[in-house]
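Overview (structure and organization)
Residues per chain are reported as follows:
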Amino acid sequence: GCASIDQIGEQIASCHKQMNSTQDTKQMTQFQFEYSCALNNLASSMRRSELTRSEILRQRQNSDEQQPRPTPQALSGLEGLLSGRSSTLTVALGQSRKQLKSFVEVMHKTSPI
């Protein structure tokens, strides 16, 4: 399992106690002591990363569950709008399409092609 933030803090405090204790430092060479602290720091960092990663995944799952899924009816209505079926067009859009059609027809008639 993952260590909590409190447990990580306790490990860091333990490492600092070890640094300040002359008895412990006499038993270990300076290199061994620094290596041990570096490993403890690495382990703590990895635990924090895992906790953060778990929290991000949990938040993503929660946000996915809260987002409503479109119904098949809504999707078919959107499909109709995008394909231009008249049942889904608004009055203004229908009028715009008629004006565009008229404009294109006038352009074809006046074009010297």
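Residues numbered from 1 in each chain as written. Predicted model: local features only at pLDDT ≥ 70, side-chain atom pairs only at ≥ 80, totals over all residues. Heavy atoms only, no water.

Our focus in this paragraph is the overall build of the chain. Helix and strand counts for the chain come out as five helices and zero strands. Burial statistics for the chain: of 113 residues in total, 7% are counted as buried. Taking contacts inside the chain between residues at least 6 apart in sequence as the whole, the part at least 24 apart equals 45%. Accessible surface computed for the chain: about 9700 Å², of which carbon and sulfur atoms make up 56%. (Helix = DSSP H or I, 4+ residues; strand = E, 2+ residues; numbered from the N terminus. Buried < 20%, exposed > 50% of the residue type's maximum accessible area, 1.4 Å probe, protein only. Contact = heavy atoms within 4.5 Å. Areas by Shrake-Rupley, 256 points an atom, 1.4 Å probe, with all protein chains shown as cover.)

As a further point, take the environment of L51. Within the secondary structure, L51 sits in helix α3 (residues 30–66). Residues L51 and I5, 46 residues apart in the sequence, show an inter-C-alpha distance of 8.7 Å.

Glancing now at α3. For α3, which comprises 37 residues, the first-to-last C-alpha distance of 54 Å matches the rise-based estimate of 54 Å (1.5 Å per residue) to within 8%. Of the positions making up α3, those classed as buried are F33, C37 and S44. (Expected span 1.5 Å × (residues − 1).)

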